[in-house]
Amino acid sequence: MSAPGPLPVPAVPLRHGTGVEGLTIPQLGFGTYKIDDDDAQRAVSQALEVGYRHIDTAQMYGNEAGVGRALAASALPRDDLFITSKLNNPYHRRADALRTFDETMDRLGLDVLDLFLVHWPLAASEGIDLVETWETMGEILSTGRVRAVGVSNHQPAHLRRIIEATCLTPAVNQVELHPYLRQDELRALHAELGVVTESWSPLGRARLLDDPDLARLAADLGVTPAQVVIRWHLQHGLVVIPKTVHVERMRANADVFSFTLDARSMGLIDALDRGLRTGSHPDEVQV
């Protein structure tokens, strides 16, 4: 496969939870949630052809092997790529986490992963202690087989607990975040702690695409509502990982660097917040 040069994506510094000095994360990536393993190779290969270099997967998605096949087929230099995976919920205990991290690396075909996240905190699950899990993530980091560790779906209390107990601050917290769910309190804590905020479901599982205010704004700018929302994430300094299996939408989602949103437009989008979760609440997800 021949791929063009990478997209003109800004990079965000990772201040904590890293084993590599000066490590950065591309602000725009390609998500693979709900893409099955057979389709993952095609979709990720197409994303790499479009110019994406940040790919997000997870043990829970069941598509790490397909992602790995696409990476192997790309012939892109390893240093040009940023690959994220996540620890699945049944594997929070130390021995399970260590074993399944090895399995993730085998499926992806990588010697070194860029970012490994605890997918859900499972804070109320019997027999699971999020501090012990986070300590194990620190142990994985110390092996040098991952460049950074972080978390996903962690609430403020979860973050404070693991940091106070271990003195290891996550590099990233990947959470549901979009104009209908701005997560202001959590983002303010991230800024205080030096944790990068990464948005999953950045389009609100497509609900935002039908929003009339966004439609009017997009029409005025000559772009799509999805492009407006992705641009909103970028201008707020968020890392954003839209997902699609359609190559034309991959291209459109990436074509967000030729326009900007002025202060009035950003304010209009900010005002859409309604505290709407399209996915599970972190306190409700348990083993």
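What counts, and at which threshold
Residues numbered from 1 in each chain as written. Predicted model: local features only at pLDDT ≥ 70, side-chain atom pairs only at ≥ 80, totals over all residues. Heavy atoms only, no water. Helix = DSSP H or I, 4+ residues; strand = E, 2+ residues; numbered from the N terminus. Polar contact = N/O pair within 3.5 Å; in protein donor to acceptor, adjacent residues only side chain to side chain. Contact = heavy atoms within 4.5 Å. 1 Å grid on protein atoms, 1.4 Å probe; cavity = no way out; pocket = protein on both sides within 12 Å on 5 of 7 lines; lining within 4 Å. Points joined across faces, edges and corners; volume = space filled by probe spheres on them. Nonpolar A, V, L, I, M, F, W, Y, C, P; charged D, E, K, R; others polar. Buried < 20%, exposed > 50% of the residue type's maximum accessible area, 1.4 Å probe, protein only.

Go over the side chain of histidine 158, please, and point to the residues and values.
Of note, histidine 158 is situated in helix 5 (residues 156–166). A polar contact is formed between the side chain of histidine 158 and the backbone nitrogen of glutamine 155, at a distance of 2.9 Å. In this view, histidine 158 contacts Pro121, Ala123, Leu130, Asn153 and Asp283; residues no more than four positions away in its chain are not counted.

An account of the layout of surface pockets is requested, with residue identities and associated values reported.
Considering only enclosed or pocket space, the largest pocket measures out at about 770 Å³ in volume. What lines the largest pocket is a set of 32 residues, among which Tyr33, Ser201, Pro202, Arg205 and Lys243 lie closest to the centre. The biggest single contributor to the lining of the largest pocket is helix 9 (residues 247–254), with three residues. Here the residues of the lining of the largest pocket sort into 14 nonpolar, twelve polar and six charged. Lining the second largest pocket we find 22 residues, and of these Thr24, Pro26, Asp79, Asp80 and Phe82 sit closest to its centre. Looking at side-chain class alone, the lining of the second largest pocket contains twelve nonpolar, four polar and six charged residues.

Provide a residue-level description of helix 2 (residues 64–74), including the pertinent values.
For helix 2, the full list of buried residues reads Glu64, Gly66, Val67, Gly68, Ala70, Leu71 and Ser74. Tucked inside the fold, the buried residues of helix 2 contact helix 1 (37–50), strand 4 (54–56), strand 5 (82–87) and helix 3 (94–108). Backbone geometry just downstream of helix 2 places alanine 75 in the positive-phi region, at approximately 65°.

Can you break down empty space enclosed by the protein residue by residue, with the values?
Under the definition given, this model contains two cavities of 30 Å³ or more. By volume, the largest cavity is sized at about 40 Å³. In terms of lining, the largest cavity is formed by Asn153, Gln155, Val175, Glu176, Gln183, Leu186, Trp200, Arg277, Ser280 and Pro282. Classifying every residue of the lining of the largest cavity gives four nonpolar, four polar and two charged. Approximately 30 Å³ is the volume attributed to the second largest cavity. Lining the second largest cavity are His92, Val118, Pro121, Leu130, Thr133, Trp134, His154 and Ile162. Along the lines of polarity and charge, the residues of the lining of the second largest cavity split into five nonpolar, three polar and no charged.

Don't take any of this as a statement about function, it's just geometry.
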